[in-house]
Amino acid sequence: AASDVYKRQAFEYAAWFIAYAAAVPYGGYLPATVFFAVALAVRAGYRSARMLIAAVLSSVVIIVLFKAVLKVNLPSGLIYGALPDGLRQFMLTYF
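Visitor: Explain the overall build of the chain to me, please; I cannot follow it from the model alone.
Guide: A tally of helices and strands in the chain yields four helices and zero strands. Each helix and strand of the chain, ordered N terminal to C terminal, gives the series α-α-α-α. Its C-alpha atoms give the chain a radius of gyration of 16 Å, clearly above 12 Å, the size a compact globule of 95 residues would have. Considered along the principal axes of its C-alpha atoms, the chain spans approximately 55 × 30 × 25 Å. Within the chain, the fraction of its 95 residues that count as buried is 22%. By element, 72% of the accessible surface of the chain is carried by carbon and sulfur atoms, the whole surface being about 6500 Å².

Visitor: Explain the packing of helix α1 (residues 2–27) against helix α2 (residues 29–43) to me, please; I cannot follow it from the model alone.
Guide: The description of two helices packed together rests on the angle between their axes and the distance between the axes. The interhelical angle for the contact between α1 and α2, taken along N-to-C directions, is 155°, at an axis separation of 8 Å. Considering their axes alone, α1 and α2 lie roughly antiparallel with respect to each other. As for the relative orientation of α1 and α2, their crossing is right-handed in sense. Across the interface between the two elements, E12, Y13, W16, A19, Y20, A23, V24 and G27 from α1 touch Y29, P31, A32, T33, F36, A39, L40 and R43 from α2. Class assignment of the residues belonging to the contact of α1 with α2 gives a composition of twelve nonpolar, two polar and two charged.

Visitor: Whenever I open this one, the nonpolar core confuses me. Can you help?
Guide: Considering soluble globular proteins, one finds that nonpolar side chains tend to be buried as a cluster. In terms of nonpolar packing, the biggest core is built from twelve residues, these being Y20, V24, Y29, L30, A32, V34, F36, I63, L74, Y80, M91 and F95. Among the secondary structure elements, those contributing two or more residues to this core are α1 and α2. With five residues, α2 is the largest single contributor of residues to this core. The residues contacting L30, other than those within four sequence positions of it, are V60, I63, Y80, M91 and F95.

Visitor: Explanation requested: the pattern of salt bridges in the structure shown.
Guide: Where charged atoms of side chains with opposite charge meet at close range, the side chains can pair. Taken as a whole and judged by the stated rule, the model has two salt bridges. A salt bridge links E12 to R43, with the nearest nitrogen and oxygen atoms 2.5 Å apart. A residue pair is termed long-range when its members are at least 10 positions apart, and E12 in helix α1 and R43 in helix α2 qualify at 31 residues. Accessibility expressed as a relative area gives 23% for E12, which makes it partly exposed. Its salt-bridge partner being R88, residue D85 comes within 2.2 Å of it at the nearest N-O pair.

Visitor: Can you walk me through the packing of α2 against helix α3 (residues 49–69) in this structure?
Guide: Relative orientation of the contacting elements α2 and α3 amounts to 150°, with a least axis distance of 9 Å. The interaxial crossing formed by α2 with α3 has right-handed handedness. Residues Y29, L30, T33, V34, A37, V38, A41 and V42 of α2 form the contact with α3, whose own contacting residues are L52, A55, V56, S59, V60 and I63. When the residues that make up the contact of α2 with α3 are grouped by side-chain class, the tally is twelve nonpolar, two polar and no charged.

Here is what the cut-offs are and how they apply
- Residues numbered from 1 in each chain as written.
- Predicted model: local features only at pLDDT ≥ 70, side-chain atom pairs only at ≥ 80, totals over all residues.
- Heavy atoms only, no water.
- Helix = DSSP H or I, 4+ residues; strand = E, 2+ residues; numbered from the N terminus.
- Rg over C-alpha atoms; globule rule 2.2 N^0.38 Å.
- Buried < 20%, exposed > 50% of the residue type's maximum accessible area, 1.4 Å probe, protein only.
- Areas by Shrake-Rupley, 256 points an atom, 1.4 Å probe, with all protein chains shown as cover.
- Axes fitted to C-alpha atoms, helices over the stretch in contact; angles between N-to-C directions.
- Parallel < 35°, antiparallel > 145°, perpendicular 65-115°, else oblique.
- Left-handed = near helix turned anticlockwise from the far one by under 90°.
- Contact = heavy atoms within 4.5 Å.
- Nonpolar A, V, L, I, M, F, W, Y, C, P; charged D, E, K, R; others polar.
- Core = buried A, V, L, I, M, F, W, Y, C linked by side-chain atoms within 4.5 Å.
- Salt bridge = Lys/Arg side-chain N within 4 Å of Asp/Glu carboxyl O.

Structure below.
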């Protein structure tokens, strides 16, 4: 029935959100957000290069707005520790 499909979709997207929330402390807010935006675009059927670029760009714009304009501290993630010093400092400061 149609209601079963909607329930499955609701649980699937809840699982995507839980996976995203679990990935942020390891990958950092920027990489996790971009990855999951693209993954959800593909999952929703938006597979053209134009749509995938839009997913990446919208993620980056939102992150820059939160970080630079609203001055929200975003989680950096464990992966940032593996970056070279200059790049790590840049990523921690701006992303």
